[in-house]
Structure formats: structure tokens, C-alpha cells
Amino acid sequence: YNEYKSYLRCEMFGYIIAGQPVNTSFERVSETQFLSNLQITASHLNIVVFVTEPFPDGFGGAIYFNWPNPEPTWQYLGFISNTKPSAIFKASQIKASTDTYNTMFGVSAGSQPQLGISAMPLNEIEQLVAANDNTQQTISSNVLFVQTMNKWLSPQSTSCHSLR
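None of these values were measured; they are calculated from a predicted model.

A.B. asks: Is there a simple way to explain the pattern of salt bridges in this structure?
C.D. replies: Oppositely charged side chains may form a pair once their charged atoms are brought near each other. Considering all chains together, one arrives at two salt bridges under this definition. Linking arginine 9 and glutamate 11 is a salt bridge whose minimum nitrogen-to-oxygen distance equals 3.7 Å. Residue arginine 9 is classed as partly exposed on the basis of its relative accessible area of 37%. Taking the relative accessible area as the measure of exposure, glutamate 11 reaches 45% and is therefore partly exposed. Several salt bridges converge on common partners, so that one network encompasses Arg9, Glu11 and Glu53.

A.B. asks: How should I be thinking about the pairing of strand S6 (residues 74–81) in this particular structure?
C.D. replies: For S6, a buried count of seven out of eight residues is recorded, marking the element as mostly surrounded by other parts of the structure. Bridge count for strand S5 (residues 59–66) against S6 is seven bridges, and the pairing is antiparallel. Bridging across to S6, isoleucine 63 finds its partner in glycine 78.

A.B. asks: Whenever I open this one, the environment of isoleucine 16 confuses me. Can you help?
C.D. replies: As for its position among the elements, isoleucine 16 is in strand S1 (residues 13–17). Accessibility expressed as a relative area gives 30% for isoleucine 16, which makes it partly exposed. Put simply, isoleucine 16 and isoleucine 47 are 31 residues apart on the chain and 5.6 Å apart in space, counted from C-alpha to C-alpha. Leave out the neighbours within four places in its chain, and isoleucine 16 touches Val22, Asn46, Ile47, Val48 and Phe50.

A.B. asks: Which parts of the structure should I look at to understand the sheet that holds strand S4 (residues 47–51)?
C.D. replies: Working definition: the strands of a sheet are paired by backbone hydrogen bonds and lie parallel or antiparallel to each other. Within the open sheet, the three strands sit side by side as S1-S4-S7. Their pairing is antiparallel. Both outer strands of the open sheet, S1 and strand S7 (86–89), are each paired with one neighbouring strand and no more. Across the sheet, the mean angle separating the axes of adjacent strands is 15° when strand polarity is ignored. Bridge count for S4 against S7 is four bridges, and the pairing is antiparallel. Opposite isoleucine 47, over in S7, you have phenylalanine 89 as the bridge partner.

A.B. asks: Help me understand the packing of aromatic side chains, please; the structure alone is not making it clear to me.
C.D. replies: Working definition: an aromatic ring pair is given by the centre-to-centre distance plus the angle between the planes. Going through the model one piece at a time under the given rule, you end up with five aromatic pairs. Pairing phenylalanine 13 with phenylalanine 34 gives two aromatic rings, centres 5.0 Å apart and planes at 55°, and the pair type is tilted. With phenylalanine 13 in strand S1 and phenylalanine 34 in strand S3 (residues 33–37), this pair connects stretches of sequence that are 21 residues apart. With centroids separated by 5.7 Å and ring planes inclined at 85°, the aromatic side chains of tyrosine 15 and phenylalanine 26 adopt a geometry described as edge-to-face. Here tyrosine 15 is found in strand S1, whereas its partner phenylalanine 26 is found in the loop between S1 and strand S2 (27–28), with 11 residues between them in sequence. Three or more aromatic residues link up through ring pairs in this structure, and these residues are Phe13, Tyr15, Phe26, Phe34 and Phe55. Just above the ring of phenylalanine 79 sits the side chain of lysine 84; from NZ or CZ to the centre is 4.5 Å.

A.B. asks: Any chance you could explain the nonpolar core here in plain terms?
C.D. replies: Most often, soluble globular proteins keep nonpolar side chains buried together rather than apart. Formed by 25 residues in total, the largest nonpolar core has its most connected members in Phe13, Val49, Phe55, Ile63 and Ile80. For this core, the secondary-structure elements that each account for two or more residues are S1, S4, S5, S6, S7 and strand S9 (114–121). Setting aside chain neighbours within four positions, we find isoleucine 80 in contact with Phe13, Val49, Phe50, Val51, Phe55, Gly60, Gly61, Ile63, Pro85, Ser86, Ala87 and Ile117. Counting residues in each nonpolar core, the second largest holds eight residues, with Leu35, Met120, Ile125 and Leu128 among its members.

A.B. asks: Which parts of the structure should I look at to understand the confidence of the model for the protein chain?
C.D. replies: Predicted coordinates in regions of low pLDDT should not be interpreted in detail. Averaged over all residues, the pLDDT of the protein chain is 76; the fraction at 70 or higher stands at 62%. No element of the protein chain has a lower mean pLDDT than helix H3 (residues 135–153), at 53, and none a higher one than S4, at 94. Long-range and interchain partners of residues 156–164, a stretch whose pLDDT sits below 50, account for three contacts in this model, where long-range means more than four residues apart.

Criteria and cut-off values
- Residues numbered from 1 in each chain as written.
- Predicted model: local features only at pLDDT ≥ 70, side-chain atom pairs only at ≥ 80, totals over all residues.
- Heavy atoms only, no water.
- Salt bridge = Lys/Arg side-chain N within 4 Å of Asp/Glu carboxyl O.
- Buried < 20%, exposed > 50% of the residue type's maximum accessible area, 1.4 Å probe, protein only.
- Helix = DSSP H or I, 4+ residues; strand = E, 2+ residues; numbered from the N terminus.
- Pairing = 2+ DSSP bridges.
- Contact = heavy atoms within 4.5 Å.
- Axes fitted to C-alpha atoms, helices over the stretch in contact; angles between N-to-C directions.
- Phe/Tyr/Trp six-rings, centres within 6.5 Å; stacked < 30°, edge-to-face > 60°.
- Lys NZ or Arg CZ within 6 Å of the ring centre and 35° of its normal.
- Core = buried A, V, L, I, M, F, W, Y, C linked by side-chain atoms within 4.5 Å.
- pLDDT = per-residue confidence, 0-100.

So, in C-alpha cells, the structure goes:
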């Protein structure tokens, strides 16, 4: 486990918030934890999280979200891995979570929402998934994303060059 920590880098992760450009600005807060402050409001909470380069074999990233509160209240959202390199989360999924973790990422609560990724062995992620099963919401979001992308990428869609 320790030998893989040196392979983990801030540049391994990125996210897209609906209506905003791709963002890869994560800060390393521990050997296995990465944090990004989000520029969003409650009405813009559709977010895609992805990897930009592979995890070491047997590892993945647990994804957490924190609203600005006097005390950090991290919500587990889902995970990414080499076999699942992206995940989509809807506003209702982020707002509705009641399971929170107060001691994540070793930072005090800020004035902005925060996205945290904790790299860990896949067997630990499997335990998180079992304890926080939101699989159906993630599947629905993924289906909607694929349907939307297929519509945009179909031959009848307008090319990027004509939109400039």
C-alpha cells in the first residue's frame, strides 16, 4: 500500500460542473487525499468527476462532497477507478445525502463547497459502496449522460466550427 502512494498525484483527477469548463485544480492534503474548492451554487450541482491517468493496480478514488458549514460534513458520493474512470452526480443526490463523515481531509470547513477524493484500495471502496448504496441514482445519471452525448454527437448535430 505504501509503495503506491508516490504514484498518486493531484493531476490524476478532474471534474466538470454543469455550465463550467473542465477543472483539474486539486490540492494534495495528505498522501492519499485530494481536495478542490468548488465555484458553485445550490442550483448548479450536476458534477462529473473523472481520472486523467490510471490509478495504481488495485486502487480507486472515493469521492466526497462538503457544503460550507461551521463543521465539515463530508458526504460520500461514489467512486472512480481504472474500470470506472468517471462518475456523474446530480443535485438531488448531493443535497439528499444523510450519511456524513466529519473527519475527512483534515481541513477546517471553508466558505466554499469542496470536492474531496480519497485514493484507497478497491476492497475498501467496495465496503463504502455497500454501506452507501446509491447505485441506482448513479446508473440513471449515467444513462441520461450517454443519451445526451449520443444526441450531441449524432451526424445531424451542428459541428463545433459552425458554433463559433
